[in-house]
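The lines below spell out each chain.
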Amino acid sequence: MTTLPHITLKKDTHRKQEVIRIIFAHNLQLIDTLRKNTTAKWSRTMKCWYLTTKDFNLNTFLGTFKELASVDYLDLKVNNHAQRTWL
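Scope of this entry: the structure provided in the associated data block. Not measured: the values here are computed from a predicted model.

### Quick word on the sheet that holds strand β1 (residues 6–14)
Spatial strand order, β3-β4-β2-β1-β5: 5 strands in an open sheet with mixed pairing. Two strands bound the open sheet, and with one partner strand each, they are β3 (41–43) and β5 (70–72). Geometrically, the sheet is characterised by an average inter-axis angle of 35° between neighbouring strands, direction not taken into account. Running at roughly 150° to β1, helix α2 (residues 58–65) makes contact with β1, β2 (17–23) and β5 of the sheet.

### Observations concerning the pairing of β2
The side chains of a regular strand alternate, residue by residue, between the two faces of the sheet. Where β1 lies against β2, 7 bridges are found, and the strand directions are antiparallel. Along β2, the bridge assignment pairs Thr8 with Ile23. Counting the residues between successive antiparallel strands, the hairpin from β1 to β2 contains 2 residues, one of them, Arg15, with a positive phi of roughly 50°. The sheet contact formed by β2 and strand β4 (residues 48–52) spans 4 bridges and is antiparallel. When the bridges of β4 are listed, Ile20 appears paired with Leu51.

### Description of helix α1 (residues 28–37)
By the burial criterion, the buried members of α1 are Leu30, Ile31, Thr33 and Leu34. Each buried residue of α1 sits inside an arc of 165° when the element is viewed along its axis, so together they form one side. Opposite the buried face of α1, by more than 90 degrees, sit the exposed residues Leu28, Arg35 and Lys36. Residues of α1 that are buried in the fold lie against β1, β2, β4 and α2. The residue sitting at the N-terminus of α1 and contributing the capping side-chain oxygen is Asn27; that oxygen lies 2.9 Å from the backbone nitrogen of Gln29.

### Concerning the pairing of β4
Of all 5 residues making up β4, 5 are buried, and the element is well covered by its neighbours. Along β4, one buried face is formed by Cys48, Tyr50 and Thr52 and the opposite face, lined by Trp49 and Leu51, is buried too. In the sheet, β3 pairs with β4 via 3 bridges, with the strands oriented antiparallel. From the neighbouring strand, Trp42 faces β4, where its bridge partner is Trp49.

Reading guide: rules and limits
- Residues numbered from 1 in each chain as written.
- Predicted model: local features only at pLDDT ≥ 70, side-chain atom pairs only at ≥ 80, totals over all residues.
- Heavy atoms only, no water.
- Pairing = 2+ DSSP bridges.
- Helix = DSSP H or I, 4+ residues; strand = E, 2+ residues; numbered from the N terminus.
- Axes fitted to C-alpha atoms, helices over the stretch in contact; angles between N-to-C directions.
- Contact = heavy atoms within 4.5 Å.
- Buried < 20%, exposed > 50% of the residue type's maximum accessible area, 1.4 Å probe, protein only.
- Arc of directions from axis to C-beta.
- Polar contact = N/O pair within 3.5 Å; in protein donor to acceptor, adjacent residues only side chain to side chain.

Have a look at this one:
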């Protein structure tokens, strides 16, 4: 059985915009799918793909990648303010 590649989604700020970082090991199929189905851009400074939060829809993203990768989106559910309180 072949293991699917893993994508991690994280909230971040890039160029003063709220963004979703799309983090995965180099994979041409995932890159091609991102380019064809999203407005994601590559960031040399973050070294990952990203989408602005206004251009991101979790259900659409999961539907696009459901057959191609496992997607970890736990960071999108976490309340960052609550996280900082406990640090």
